[in-house]
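The primary structure of each chain is shown beneath.
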Amino acid sequence: MPRIAYVNGEYVRHSQAAVHIEDRGYQFADGVYEVCEISRGNIMDMSGHLDRLDRSLCELSIAWPVSRRVLQLLFKEVVRRNKVKNGLVYLQITRGVAPRDHAFPSPEVRPSLVITAKRTSPEVSAARAAAGLKVITVPENRWDRVDIKSVGLLPNVLARQKAKEAGAQEAWFVDPDGTVKEGAATNAWIVTSDGVLVTRPADHGILRGITRGTVMKVAETLNLKVEERSFTVDEAFRAREAFITAATTVVMPVVEIDGITIANGHPGNVATSLRQQFFEVAEKTIA
Ligand code: PDD
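This one's a predicted model, so the numbers in the text were calculated from it and none came from an experiment. (Residues numbered from 1 in each chain as written. Predicted model: local features only at pLDDT ≥ 70, side-chain atom pairs only at ≥ 80, totals over all residues. Heavy atoms only, no water.)

**As for the pairing of strand S14 (residues 250–257)**
Taken across its eight residues, S14 has seven buried, putting it largely inside the fold. Where strand S7 (residues 133–139) meets S14, three bridges bridge the pair, whose relative direction is parallel. Paired with Leu133 across the strands is Val254, a residue of S14. Summarising the sheet, strand S13 (residues 241–246) and S14 pair through five bridges and their orientation is antiparallel. The partner of Ala242 across the bridge, within S14, is Val254. Hairpin connection from S13 to S14: three residues lie between these consecutive antiparallel strands. As paired strands, S14 and strand S15 (residues 260–261) are joined by two bridges and run antiparallel to one another. (Buried < 20%, exposed > 50% of the residue type's maximum accessible area, 1.4 Å probe, protein only. Helix = DSSP H or I, 4+ residues; strand = E, 2+ residues; numbered from the N terminus. Pairing = 2+ DSSP bridges.)

**Quick notes on the site of the ligand**
In the region of the ligand, 20 residues are neighbours, and Tyr33, Arg52, Glu182, Ile210 and Thr211 sit closest. At 2.6 Å, a side-chain N or O of Tyr33 approaches an oxygen atom of the ligand. Measuring from an oxygen atom of the ligand, one finds a backbone N or O atom of Ile210 at 2.8 Å. Surface burial for the ligand is 92%, taken as the share of its 470 Å² of free accessible area covered by protein chains. Split into classes, the residues belonging to the shell around the ligand amount to eight nonpolar, nine polar and three charged. Three or more residues apiece are contributed to the shell around the ligand by two domains, here domain 1 (4–120) and domain 2 (125–286). (Near = heavy atom within 4 Å. Polar contact = N/O pair within 3.5 Å; in protein donor to acceptor, adjacent residues only side chain to side chain. Areas by Shrake-Rupley, 256 points an atom, 1.4 Å probe, with all protein chains shown as cover. Nonpolar A, V, L, I, M, F, W, Y, C, P; charged D, E, K, R; others polar. Domains from an automatic or database assignment.)

**Brief notes about empty space enclosed by the protein**
For the structure shown, the criterion picks out one cavity of 30 Å³ or more. Each pocket or cavity is described by its volume, and for the largest cavity that value is around 50 Å³. In terms of lining, the largest cavity is formed by Glu37, Met44, Asp45, His49, Ile210, Thr211, Ala246, Ala247, Val250 and Phe278. For the lining of the largest cavity, a count of residues per class yields six nonpolar, two polar and two charged. Shared between two domains, the lining of the largest cavity takes at least three residues from each, and those domains are domain 1 (4–120) and domain 2 (125–286). (1 Å grid on protein atoms, 1.4 Å probe; cavity = no way out; pocket = protein on both sides within 12 Å on 5 of 7 lines; lining within 4 Å. Points joined across faces, edges and corners; volume = space filled by probe spheres on them.)

**A word on the nonpolar core**
Membership of the largest hydrophobic core comes to 25 residues, with the highest contact counts inside it found for Leu71, Phe75, Leu113 and Ile115. For this core, the secondary structure elements donating two or more residues are strand S3 (31–39), helix H2 (46–59), helix H3 (68–81), strand S5 (87–94) and strand S6 (112–119). The element that contributes the greatest number of residues to this core is H3, accounting for five residues. Not counting residues within four places of it along the chain, the set of residues in contact with Ile115 comprises Ala5, Tyr6, Leu71, Leu74, Phe75, Val78, Val89, Tyr90 and Leu91. Grouped together as the second largest cluster of nonpolar side chains are 20 residues, Leu133, Val135, Ala242 and Ile262 included. (Core = buried A, V, L, I, M, F, W, Y, C linked by side-chain atoms within 4.5 Å. Contact = heavy atoms within 4.5 Å.)

**Regarding the domain arrangement of the protein chain**
Domains assigned within the protein chain are domain 1 (4–120) and domain 2 (125–286). A straight line from the C-alpha centre of domain 1 to that of domain 2 covers 25 Å. Taken together, the contact between domain 1 and domain 2 spans 28 residues of the former and 23 residues of the latter. Summed over both sides, the interface between domain 1 and domain 2 buries roughly 2,300 Å², with carbon and sulfur atoms accounting for 58% of that surface. When the buried area of domain 1 at its contact with domain 2 is split by residue, Tyr33, Asp45 and Arg52 rank highest and sum to 28% of it. For the pair domain 1 and domain 2, the interface holds two salt bridges. The shortest N-O distance in the salt bridge between Arg145 and Glu59 comes to 2.9 Å. (Buried area = accessible area lost by both parts, 1.4 Å probe. Salt bridge = Lys/Arg side-chain N within 4 Å of Asp/Glu carboxyl O.)

Here it is, written out as C-alpha cells:
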C-alpha cells in the first residue's frame, strides 16, 4: 500500500508529494510544525498540539490555512489513509509561496499545509526504553524564541548529528551557567535522590512540550512531586534517574550523560512507571 500525504488540499502519493521551490518554508524556514504520537489507533494529545500550533502561528503572524476543525479531520484522514495504528503524524504550515524576499509577501499568500503519517514499531521503542539512552551535552547556540515550534532547526540537526557520531541518541543544550535547557528534539528531566522530578520551567528558553505537560499529570496520579526549576549537568550526573520526553519518544530513560553513568546505568522505576501510565492519562482521539 503506497503512503499518502496531504499537500495543500490534495491527497497524493508520498513519493510524489512536493511543494514549490519558492515555498518560504524551503527558502527561509518560515514555518511551523507539530508531531503527534499515534498509539493503538488514537492520536494522542491532539488538543494540546493544536493549541500550541495556534500559538506558534500567532507568534509568527501566519494565518491558519484551514479551520481548526478541518485540520482535526485532515489529521484523522491522513492517519486513516495510511492505516497507521502506531506511529506519528507530522504537520507543517509555512507562510506560503512567493518570490524570494525576506519581508512577508504583500499582499498575503495562502499558507502551505502538509500532513504526513508514518508507522513506528512499539516493540522497537519498548526495547529502547528497556535499554535506556545515552545523551551528550552541547553549548546552547539557538535563538531565544525556541518556544515557537518553527521548522528552523539547524542547531538541533547539528546537535543530534553530534550525538549520533558520539554513539549517543540525544544532545542536551546547556547554557553558559551549566544549566540544561532541553534536548535537540525532546525535553530533559531528572529525578533527585529524594524522588522529586525536575524539569526546566517552560516560560522561555525551551519548547513547552505537550508530552512534558501530560507527564506532569501522570506524575500527579502516581503521587510524585514535580519541581519546575533549572538543573545543572552536574546535578544530572548525580541524579537518581534522568529521562527525556517528546511525542516521538513518550518517556525514555537516560542512562548515560557525556560518558558518565547515571545511577546504576539501568532505566529507573520513575521513568518506567511514567512511561507505562502515559497512555492512560493522555488525551486520546480515535483516528
Ligand atoms: N520534537 N523540545 C524540542 C526542541 C522539540 O523539538 C520537541 C519535540 C520537544 C518535545 O515536545 P512534545 O512533547 O510536544 O513532542 C521538546 C518533535 C517531536 C520533533 O521535532 O520531531
